[in-house]
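# Residue-level structural notes
What follows is each chain in one-letter form.
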Amino acid sequence: MKKLIIPTHSREKSDLQEFFCLLTKQCNSNCNFCIEKDVRTGGFLSWENFKKAVNFAKESGLYNFFLHGGEPTLHPDIVDFAQYAKDAGLTVKMFSNGINYEILKKLDGIVNEIKISYRGNFSFRFKQPEWNTKLYLGILATERDYPTEDDLLSFVHHAHAVTGMEVYVNTMNPVNQGSYDNQFVPYLEDYFNNLPEDKIFSSYHKAGFYLPDGTRVRMGNKSMKPNHTKYNMSPDGIIYNHFNHGTLMSIIHNLELDEKLKISKYRLEKLRNL
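Residues numbered from 1 in each chain as written. Predicted model: local features only at pLDDT ≥ 70, side-chain atom pairs only at ≥ 80, totals over all residues. Heavy atoms only, no water.

### Structural notes on helix H6 (residues 186-194)
Rules: A 1.4 Å probe rolled over the protein chains alone gives each residue an accessible area, and that area as a share of the maximum for its type sets the label: buried under 20%, exposed over 50%, partly exposed in between. Think of it this way: any DSSP run of H or I at least four residues long counts as a helix, any run of E at least two long counts as a strand, and we number them from the N terminus. It only takes one pair of heavy atoms within 4.5 Å for two residues to be counted as in contact.
Those residues of H6 that fall on the buried side of the exposure criterion are Tyr187, Leu188, Glu189, Phe192 and Asn193. Elements that come into contact with the buried residues of H6 comprise helix H4 (149-163), strand E6 (166-170), strand E8 (206-210), strand E9 (216-223) and helix H8 (262-272).

### Focus on the sheet that holds strand E4 (residues 113-117)
The condition that has to hold: By definition, two strands form a pair when at least two bridges between them are found by DSSP. Lines are fitted to the C-alpha atoms to define the axes, a helix being fitted only along its stretch in contact, and any angle between axes, read from their N-to-C directions, falls within 0 to 180 degrees.
Spatial ordering of the open sheet is given by E7-E8-E9-E6-E5-E4-E3-E2-E1-E10-E11, a layout of 11 strands whose pairing is mixed. Bordering the open sheet on either side are strand E7 (201-203) and strand E11 (239-240), each of which pairs with just one other strand. Bridge analysis of strand E1 (residues 18-22) against strand E10 (residues 231-233) gives 3 bridges, and the strand direction is parallel. From the neighbouring strand, Phe19 faces E10, where its bridge partner is Tyr231. Its contacts with the sheet place helix H2 (residues 78-87) against strand E2 (64-68) and strand E3 (91-96), and it is angled at close to 150 degrees to E3.

### Some details on the side chain of Gln177
Definition in use: In the analysis that follows, any N or O atom pair within 3.5 Å is treated as a polar contact, provided that within protein one partner can donate a hydrogen and the other can accept it, and provided that, for residues neighboring in sequence, both atoms belong to side chains.
Following the sequence through the fold, Gln177 ends up in helix H5 (residues 177-181). Taking relative accessible area as the criterion, Gln177 reaches 15% and is therefore assigned buried. Engagement of the side chain of Gln177 in a polar contact is seen with the backbone nitrogen of Ile252, the distance being 2.6 Å.

### Quick look at the packing of aromatic side chains
Here a ring pair, both rings aromatic, is described through the centre-centre distance and the interplanar angle of the planes. Defined as follows: The rule is short: rings of Phe, Tyr and Trp, with Trp giving its six-membered ring, pair when the centres are within 6.5 Å, and they are stacked under 30 degrees, edge-to-face over 60, tilted in between. For a Lys NZ or an Arg CZ to count as sitting over a ring, it must be within 6 Å of the ring centre and within 35 degrees of the ring normal.
Tallied over the full model, the rule gives 20 aromatic pairs. The interplanar angle of 85 degrees and the centroid separation of 5.8 Å between the aromatic rings of Trp47 and Tyr84 together place this pair among those described as edge-to-face. Linking Trp47 in helix H1 (residues 47-60) with Tyr84 in helix H2, this pair joins segments that are 37 residues apart in sequence. Note on Tyr118 and Phe124: the rings are 5.8 Å apart at their centroids and 35 degrees apart in plane angle, and the pair reads as tilted. Of the two residues examined, Tyr118 and Phe124, each falls in the buried class. A connected cluster of aromatic rings, assembled from ring pairs, spans Phe19, Trp47, Phe50, Phe56, Phe65, Phe81, Tyr84 and Tyr231. Over the ring of Phe201 we find Lys13, and its NZ or CZ is 5.6 Å from the ring centre. The aromatic ring of Tyr136 is capped on one face by Lys115, whose charged end is 4.9 Å from the ring centroid.

### A few points about the pattern of salt bridges
So the rule is basically this: The term salt bridge refers to a side-chain nitrogen of Lys or Arg lying within 4 Å of a carboxyl oxygen of Asp or Glu.
For the structure on display, the rule yields 9 salt bridges. Residue Glu269 is joined to Arg272 by a salt bridge in which the shortest nitrogen-to-oxygen separation is 2.9 Å. A residue pair is termed a helical-turn pair when its members lie 3 or 4 positions apart in one helix, as Glu269 and Arg272 do in helix H8 at 3 residues. One salt-bridge network, held together by shared partners, links Lys134, Glu166 and Arg216.

And the structure:
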């Protein structure tokens, strides 16, 4: 099979030779900002199709192999799946809400990294010094939860001190009404609009930058490369070169919010063309 080269933005910081294996759309959480339209539906990826996914990724040069969902720890074979992908020579990564701690601990040392979405203080059970796998803690920033920059950074520093994990910040990807309404974080928008252009990079296709203290921010509502290529297998075993999440509902636009986003919209268009 011909090696696949995924086009990237000129300022992309990440290695995007990736394959996303959706083990299931089932989830044990109920986030109103979920990007997956059909979350909590359907069943689980079969062993036959998982092997097909691993072979496709390996033969295509997509060596960053993500165990994805839904919540991937709900799949009954996730530990064996991870070991199989690792033995095939792939770099195994995953996203998780962190609820199934004991299952994640069984994956320690098998997967190369786990990105955990902060979902309350139970996330602080994870202590990086106790793990071989690299852990990341993602903080979803909203103005409601973190009204000021000091509020956000105080929490980021506390989370890092308690867990030892690398902590980063995301803003909401406006895929549904809840995430649309909460995407605007004024002080982070100000940073995006006023930083020198060479301080803004692409992080998994989204605009990113560092705050003065070194905290990494990924602006989930600002795509540096829309309609980008992203190879994945759905739980029914079909391979796609894009994600088609759809939306949970029709978005009712807020004119005041859209007006606030105009400045960053103009800057984003310029950055996309670099």
